[in-house]
Amino acid sequence: MTATKGLEGIVAATSSISSIVDGVLTYRGIDIDDLAEHASFEEVAYLLWFGKLPSAAELQKLQQDLDTYAPIPQHLIEQIKLYPKDANTMAALRSAVSALALYDEEADDMSREANEKKAIKLQAQLPTIIAALSRIRQGKEPVAPKKGLTIAENFLYMLRDELPDETSIKALDQALVLHADHELNASTFAGRVTVATLSDIYSGVTSALGALKGPLHGGANEAVMKMLEEIGTVDQVESYIQQKLDNREKIMGFGHRVYKNGDPRAKHLQQMSRELGEMKENMNLYNMSIKIDEMITNQKGLRPNVDFYSASVYTQLGIERELFTPIFAISRVSGWTAHILEQWVDNRIIRPRAEYVGLSDQKYIPMELR
Ligand code: COA
C-alpha cells in the first residue's frame, strides 16, 4: 500500500454534478462562462440539486421555499448573541449551522423528500445566519429576511438594513454562481465522507464548513485581502511580494491542485474587480492585484485562482473581510448539498487505507522504566 500525498490524481467518487476537463469547469455539462453570463444563482442552485435548469414555475416555487425557510429560529439568534464578538466568523458559522439541526424536527429524517427540503433550507438560512453574525458582532440587531428578494439581494439587505443597488446585487449574484460547485474539492469531499456514514445533512455541511475555513481552501480570500491591506499601495507591491517569494512563502490566491493553466472563474472576478474600481473611481485594489498577478505569473508560473480577485470585489462592495469565506459558503452550500444528495443515491461508506510508516515490533514499557 503506497499513499498519494494529498490524494493528488486519485479519483475518489463518480459524480454528475460538475466537472473540470482540460481547464473547463461545467455544472451539469454547462460551461461556467455561459452560466456566469446568463444564469442567476437560484437557477444554478436548482441545476445542481435537480440536474436541470428550472422552468419559470419551478424557479418561482424555489423562490417561495427560500422565502419560507430564510428566517432562523429565535433561539439560534439568542445563542449567536452569546458568541464572543471577536470569534472567527467561520467558526461561529460552523457552530450556528451545527445548531440548526437542533431546531429541525426533520434533521434525522433520511427520506429523499426531507433531505431535498433540508438542502433548500440550509441554502436559505446560511445568508440569514451570516448577516446576523455580522450585525450582532457590531452591536446591532439582526435584520429579518425580506420575502421576494434573491439570495444576493437579501443578504446585502440583511447586512445593511437597506435595499442594495443593482450593481452590487449583480456582482454578488455572479460571484455566487462562480463559487457554487467545484467537483471533489476539499470541503465537498469532507461533506461526502461525513454523510457516507449515513450521518445527517447538517453534519455533512458542518464538516464541509470546517474544511472550507482553512487558508488553503476558502479561507484564502480573506488571506488575500489581509495581504492587500498590508501592502497598501501599488508602489509597495514589488518589495512586499519579492520578500515573500525570497522567503519561499506562499502567496494566497495563486495556484491550484487541478488547474495548472489558470482558473476559468478568475477572469470573471478580475473583470468585476476592474468594473467596480472604475465605478468607484478608485483603482488602487485592482491595480495592486494586477501587479501581484504579473509578478507571480512571471516568477512562479502560477495563475490566480477564484479567491484572488474575489477579495477586491467583496471589499469594493463594502463587505468586511471577515465575511469573505462565509460568502463562499453561501454559494458552495448549494454544491455541498447537491453532492450529499448524490452520495446517498448509491451510498457506500468512504473508508480508505493508510500506508503505515510508524515503528514496529515495539513492546509496552512499564511506567517506571519510561
Ligand atoms: N504561492 C507560492 N508558491 C506556491 C503557491 C502559492 N500560492 N501555490 C503553490 N506553490 C508552489 C508550492 O510551494 C510548490 O512548490 P515546490 O514544488 O517548490 O515545493 C508547488 O507550487 C506545488 O504546490 P503544492 O502546494 O504542492 O500544490 P497543491 O496542489 O498541494 O496545493 C493549493 C494547491 C491551492 C493549496 C496551493 O497552490 C496553495 O496553497 N495556494 C494558496 C492558497 C490558495 O489560494 N488556496 C485557494 C485554492 S482555490
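Everything quoted here is computed from the prediction, not taken from an experiment.

Student: Just give me the short version of the overall build of the protein, but keep the residues and values in it.
Tutor: For the protein, the helix and strand inventory stands at 16 helices and three strands. Taken over C-alpha atoms, the radius of gyration comes to 21 Å for the protein, in line with the 21 Å a tight globule of 370 residues would show. Judged by the C-alpha coordinates and their principal axes, the protein covers about 70 × 55 × 45 Å. Relative to its full complement of 370 residues, the protein shows a buried share of 49%. Put simply, the protein has 40 plus and 51 minus side-chain charges, and the middle of one group is 5 Å from the middle of the other.

Student: Please provide a residue-by-residue account of helix H4 (residues 74–81), values included.
Tutor: Considered for burial, the residues of H4 that qualify are Leu76, Ile77 and Ile80. Along H4, the residues classed as buried sweep out an arc of 105° about the axis, all on the same side. On its buried face, H4 is in contact with helix H5 (89–100) and helix H6 (112–137).

Student: How would you sum up the packing of aromatic side chains? Please name residues and give values.
Tutor: The tally for this structure, following the rule as stated, stands at six aromatic pairs. Each ring, one from Tyr46 and one from Phe50, has its centre 4.7 Å from the other, and the planes form 55°; the classification is tilted. Note that Tyr46 and Phe50 are positioned in helix H2 (residues 41–50) at a spacing of four residues, about one turn of the helix. Measuring from centroid to centroid gives 6.5 Å for Tyr286 and Tyr309, while their planes differ by 40°, and the two rings are tilted. Of the two residues, Tyr286 is situated in helix H14 (residues 284–300) and Tyr309 in helix H15 (residues 306–316); the sequence distance between them amounts to 23 residues. For Tyr309, a relative accessible area of 1% puts it in the buried group. One aromatic cluster is present, formed by Phe254, Tyr286, Phe308 and Tyr309 through successive ring pairs.

Student: Report on the nonpolar core, specifying residues and quantitative values.
Tutor: General note: in soluble globular proteins, nonpolar side chains tend to be found buried as a group. If you look at the biggest cluster of nonpolar residues, it comprises 109 residues, and the most contacted ones within it are Leu93, Ile129, Ile241 and Ile292. Domain assignment of the residues forming this core places at least three in each of domain 1 (12–217 + 321–345) and domain 2 (220–316).

Student: If you had to explain the site of the ligand to someone new, which residues and values would you point to?
Tutor: Taken together, 17 residues form the shell around the ligand, and within it Lys250, Ile251, Gly253, Phe254 and Arg257 come nearest. For the ligand, an oxygen atom lies 3.4 Å from a polar atom in the side chain of Arg248. Here an oxygen atom of the ligand sits 2.7 Å away from a polar atom, N or O, in the side chain of Arg257. The residue inventory of the shell around the ligand, partitioned by class, reads seven nonpolar, five polar and five charged. Two domains each provide a minimum of three residues to the shell around the ligand, namely domain 1 (12–217 + 321–345) and domain 2 (220–316).

Student: Talk me through the pairing of strand E2 (residues 24–27); I want residue IDs and the actual numbers.
Tutor: The pairing of strand E1 (residues 18–21) with E2 spans four bridges and is classified as antiparallel. Bridge pairing links Ser19 to Thr26 in E2. Counted along the chain from E1 to the antiparallel partner E2, the turn is two residues long, and its residue Asp22 has a positive phi close to 50°. With two bridges joining them, E2 and strand E3 (residues 30–31) adopt antiparallel strand pairing. When the bridges of E3 are listed, Thr26 appears paired with Asp31. Taken together, E2 and the strand that follows it, E3, pair antiparallel across an intervening segment of two residues, in which Arg28 is found at a positive phi of about 50°.

Student: How would you sum up the packing of H6 against helix H7 (residues 151–160)? Please name residues and give values.
Tutor: In contact at an axis separation of 8 Å, H6 and H7 are set at 20° when each is read in the N-to-C sense. In terms of orientation, H6 lies roughly parallel with respect to H7. Between H6 and H7 lies a crossing whose hand is right-handed. Contacts from Gln123, Pro127, Thr128, Ile130, Ala131, Ser134 and Arg135 of H6 reach H7 at Ile151, Phe155, Met158, Leu159 and Arg160.

Student: Give me the lowdown on the sheet that holds E1, citing residues and values where you can.
Tutor: Spatially, E1-E2-E3 is the arrangement adopted by the three strands of the open sheet, whose pairing is antiparallel. At either end of the open sheet lies a strand with only one pairing partner, and these are E1 and E3.

Student: Could you give an account of the environment of His75, naming the residues involved and the relevant values?
Tutor: The residue His75 is located in helix H4 in this model. Remark: the alpha-carbon pair of His75 and Ala99, spanning 24 residues in sequence, is separated by 9.8 Å.

Student: Go over the side chain of His182, please, and point to the residues and values.
Tutor: Here His182 shows up in the loop between helix H8 (166–179) and helix H9 (186–195). Taking relative accessible area as the criterion, His182 reaches 6% and is therefore assigned buried. A distance of 2.7 Å separates polar atoms of two side chains, one belonging to His182 and the other to Tyr259. Among the polar contacts made by the side chain of His182, one reaches the side chain of Arg265 at a distance of 3.5 Å.

About the thresholds
- Residues numbered from 1 in each chain as written.
- Predicted model: local features only at pLDDT ≥ 70, side-chain atom pairs only at ≥ 80, totals over all residues.
- Heavy atoms only, no water.
- Helix = DSSP H or I, 4+ residues; strand = E, 2+ residues; numbered from the N terminus.
- Rg over C-alpha atoms; globule rule 2.2 N^0.38 Å.
- Buried < 20%, exposed > 50% of the residue type's maximum accessible area, 1.4 Å probe, protein only.
- Lys, Arg positive; Asp, Glu negative; His and termini not counted.
- Charge placed at Lys NZ, Arg CZ, Asp CG, Glu CD.
- Arc of directions from axis to C-beta.
- Contact = heavy atoms within 4.5 Å.
- Phe/Tyr/Trp six-rings, centres within 6.5 Å; stacked < 30°, edge-to-face > 60°.
- Core = buried A, V, L, I, M, F, W, Y, C linked by side-chain atoms within 4.5 Å.
- Domains from an automatic or database assignment.
- Near = heavy atom within 4 Å.
- Polar contact = N/O pair within 3.5 Å; in protein donor to acceptor, adjacent residues only side chain to side chain.
- Nonpolar A, V, L, I, M, F, W, Y, C, P; charged D, E, K, R; others polar.
- Pairing = 2+ DSSP bridges.
- Axes fitted to C-alpha atoms, helices over the stretch in contact; angles between N-to-C directions.
- Parallel < 35°, antiparallel > 145°, perpendicular 65-115°, else oblique.
- Left-handed = near helix turned anticlockwise from the far one by under 90°.

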